[in-house]
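# Analysis of the macromolecular model
Each chain, letter by letter, is given below.
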Amino acid sequence: MDRIPLCCLPTPLHRLERLDLGVELWIKRDDLTGFALGGNKGRKLEFLAQEWLNASPSAIVTCGASDSNFIRQLAVLGRMLGIAVHAAVMDLPYDECAGRPARVSNLHQGGNERLSRESGATLHKFSDDDWEVLYDHMHRIAKDLGPNAAIVPIGGSSPLGVYAFVQAAKEVGGEFDTIVCASSSGSTQVGLTTAFRGTSTKVVGIAADPEPALVEDFADLSRQYTGRFGGKPLAPEDFTLDLRFVGPGYGVPSDAGQNAQAVLLRSEGIYLDPIYSAKAFAGLLKLTEEERLGNKVLFWHTGGLPSLFSEYD
Ligand SMILES: *Cc1c(COP(=O)(O)O)cnc(C)c1O
C-alpha cells in the first residue's frame, strides 16, 4: 500500500535498564512517531492520507472524545492536505452497559482539544452519552456535509489502520514473549495480533474502556481487514484484552495508572499519558508481578502525551 511519509520510522526500540521488574523489559517508542506530537495514530494516518489524496473528499468526518489524540493528528493532516476536518465529540462518552465513569472530574479543556481547535478542526460538541449516540452524530454531520465527505472511524480503526500496525510489527523481531499495548478502538491490537499470529509472541491489550464486548468489535475489524487484504480473520477469543486497569472509566485517570506513570518517569525519564499508556503500564506492572508475561517483554508506548496538559476544573 502507498503511504504519505509523515512519521519518523522506525520508532526507537530500546531496553529499559533501570527499571527492575525481574524480566527483560523493552519499549517501543511510538510516543516518538514525530507527526503532530507523536503517538500511534500517525502510523494509521500515513495510509489514510494517501487514500484521501487519491479521493479528494470535500471534508473528513470522525468522532471521539473531545481530548482525542486521533482528532489532534487528523486536524493537522487536514490542514496539510487542505481538507476540512469535522469531529463529533463528547468530553466523556461512555458505554451504556458499563455506565458513566465512577469519579468524573470536570474536564475544562483537554490538551489535545486545544491543539485540534488551533489546527482548524471543527469540533461539534455534544453532552456526554453512549458511544452509539456519538456515532449517530458523526453520521448525521457527514450527511449534512454532502456525498463527498469521507467518514473515518473513531481512532482511525479502519482496515487501513489495521494494515498500518501489521506493517509496524515488522519493526520488531520475533524475540519477545509478550507485547503489551493500550487498546481502545482496536486497530493497534488487531494489527499487532494479526502480525504475530502463529508465532511465540503473545500480544496483550490493556483496555482503556470498560467493555468486555470490545473483542467482538476487534473480530469485526479483523473481518473487514481480511476482506480487503486477505487472510483468515481473527476470532474474539484470539485477542487477549485485560479489562482490569480501566479504573473509574474511559477518559478518567486511574490511581494505578498515575502510580505506573510515576514509576516509569522516575526510573527511566519517560512520560506516559493518563488515559491510555499509563493504564497499560499499570497492567504491565501487575502482569509481571503475576508472572504472566514471560521473560522478554515489550511495552508498546502509544503516545498521547498532550493529555498531560489537560485542565480540570
Ligand atoms: C488511540 C490510542 C490508543 C489505542 O489505540 P487503538 O488503535 O485506538 O486501540 C492507545 N494509546 C493512545 C495514546 C491513543 O491515543
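Conventions adopted
Residue numbers run consecutively from 1 along every chain, following the written order of its sequence. Thresholds applied to this predicted model are a pLDDT of at least 70 for local features of residues and 80 or more for the giving and counting of side-chain atom pairs; totals over whole chains, interfaces and linings are not thresholded and use all residues. By convention in this description, side-chain values take in all heavy atoms of the structure and omit both hydrogens and water. Secondary structure counts use DSSP, requiring at least four H or I residues in a row for a helix and at least two E residues in a row for a strand, with both numbered from the N terminus. Think of it in three bands: residues with accessible area under 20% of the maximum for their type are buried, residues over 50% are exposed, and the middle band is partly exposed, with areas taken using a 1.4 Å probe on protein chains only. Within 3.5 Å is the distance limit for a polar contact, defined as a pair of N or O atoms, with the added protein rule that one can donate a hydrogen and the other accept it, and that residues adjacent in sequence qualify only through two side-chain atoms. A contact between two residues is defined here by any heavy atoms of the two lying within 4.5 Å. By the counting scheme adopted, Arg and Lys are positive, Glu and Asp are negative, and His together with the chain ends is not counted. Whenever Lys or Arg places a side-chain nitrogen within 4 Å of a carboxyl oxygen from Asp or Glu, that contact is recorded as a salt bridge. Think of it this way: one heavy atom of a residue within 4 Å of a molecule or strand is enough to make that residue near it. Using a 1.4 Å probe, the Shrake-Rupley method yields the accessible areas, and only the shown protein chains count as cover for residues. Side-chain atoms within 4.5 Å link the members of a nonpolar core, which is a set of buried Ala, Val, Leu, Ile, Met, Phe, Trp, Tyr and Cys residues. In this analysis, rings of Phe, Tyr and Trp, with Trp reduced to its six-membered ring, are considered paired at centre separations within 6.5 Å, and the interplanar angle assigns stacked below 30 degrees, edge-to-face beyond 60, and tilted for intermediate values. For a Lys NZ or an Arg CZ to count as sitting over a ring, it must be within 6 Å of the ring centre and within 35 degrees of the ring normal. Only when DSSP finds a minimum of two bridges between them are two strands counted as paired. Throughout, an axis means a line fitted to C-alpha atoms (over the contacting stretch in the case of helices), and angles, computed between N-to-C directions, take values from 0 to 180 degrees. In this scheme, a crossing is called left-handed if the near helix is turned counterclockwise away from the far one by less than a right angle; it is called right-handed if the turn is clockwise. Here the nonpolar group is Ala, Val, Leu, Ile, Met, Phe, Trp, Tyr, Cys and Pro; Asp, Glu, Lys and Arg are the charged ones; every other residue, Gly included, is treated as polar.

### Considering the side chain of Asp-30
Among the structural elements, Asp-30 can be located in the loop between β2 (24–29) and α1 (41–55). With a relative accessible area of 0%, Asp-30 lands in the buried category. Among the polar contacts listed, one links the side chain of Asp-30 to the side chain of Thr-11, at a separation of 2.8 Å. For Asp-30, the residues in contact, after removing those within four places along its chain, are Thr-11, Gly-38, Gly-39, Asn-40, Arg-43, Phe-165, Trp-300, His-301, Thr-302 and Gly-303.

### Observations regarding the side chain of Asp-273
Position of Asp-273 among the secondary structure elements: in the loop between α8 (255–268) and α9 (277–289). Comment: no salt bridge for buried Asp-273; closest opposite-charge side chain is Lys-279, at 8.3 Å. There is a polar contact of 3.0 Å between the side chain of Asp-273 and the backbone nitrogen of Tyr-276. Those residues in contact with Asp-273 that sit more than four places away from it in its chain are Gln-261, Ala-278, Gly-303, Gly-304 and Leu-305.

### Details of the site of the ligand
The immediate surroundings of the ligand are formed by 16 residues, with Lys-41, Lys-44, Ser-185, Thr-188 and Thr-302 found nearest. In this structure, Ser-185 approaches the ligand through a side-chain N or O atom, which is 2.5 Å from an oxygen atom. Contact between the ligand and Thr-302: a nitrogen atom at 2.6 Å from a side-chain N or O atom of the residue. The protein chains hide 98% of the 380 Å² of surface that the ligand would expose on its own. If you list the elements that add at least two residues to the shell around the ligand, you get α1, β8 (178–183) and α6 (187–196).

### Points about α6
Counting buried positions along α6 gives 9 out of 10 residues, so the element sits mostly inside the fold. If you check which residues of α6 are buried, you get Ser-187, Thr-188, Gln-189, Val-190, Gly-191, Leu-192, Thr-193, Thr-194 and Phe-196. Gly-198 occupies a position one or two residues after α6 and carries a positive phi of about 80°.

### A look at the nonpolar core
Leu-25, Val-180, Phe-281, Leu-284 and Phe-299 are the most contacted members of the largest nonpolar core, which totals 41 residues. No other element matches the 7 residues that α9 contributes to this core.

### Focus on the packing of aromatic side chains
Counted according to the given criterion, the structure contains 9 aromatic pairs. Ring pairing ties together the aromatic residues Phe-47, Tyr-163, Tyr-225 and Phe-229, which thus form one cluster. Between Lys-41 and the ring centre of Tyr-276, over which it is positioned, the NZ or CZ distance is 5.7 Å. Over the face of the ring belonging to Phe-165 we find Arg-43, whose NZ or CZ atom lies 5.9 Å from the ring centre.

### As for the sheet that holds β8
Taking strand neighbours across the sheet as the criterion, the 6 strands line up as β1-β2-β11-β8-β9-β10 in an open arrangement whose pairing is mixed. The open sheet is flanked by β1 (13–15) and β10 (240–242), the only strands paired with a single partner. The sheet shows a mean angle of 25° between the axes of neighbouring strands, direction not considered. In this structure, β8 lies alongside strand β9 (residues 202–207), joined through 6 bridges in parallel fashion.

### Digging into the sheet that holds strand β6 (residues 122–126)
Strand order across the open sheet formed by 4 strands is β6-β4-β3-β7, with parallel pairing between neighbours. Either end of the sheet is taken by a strand with one partner, and the two such strands are β6 and β7 (149–151). Sheet twist, expressed as the mean angle between neighbouring strand axes with direction ignored, is 25°. For strand β4 (residues 84–90) and β6, the ladder comprises 5 bridges, and the chain directions are parallel.

### Here we look at the packing of α1 against helix α2 (residues 69–81)
Between α1 and α2, the shortest axis-to-axis distance is 11 Å and the interhelical angle comes to 35°. For the element pair α1 and α2, the recorded crossing hand is right-handed. Judged by residue contacts, Lys-41, Gly-42, Leu-45, Ala-49, Trp-52 and Leu-53 of α1 engage Asn-69, Phe-70, Gln-73, Leu-74, Leu-77 and Leu-81 from α2. A per-class count over the contact of α1 with α2 returns 8 nonpolar, 3 polar and 1 charged.

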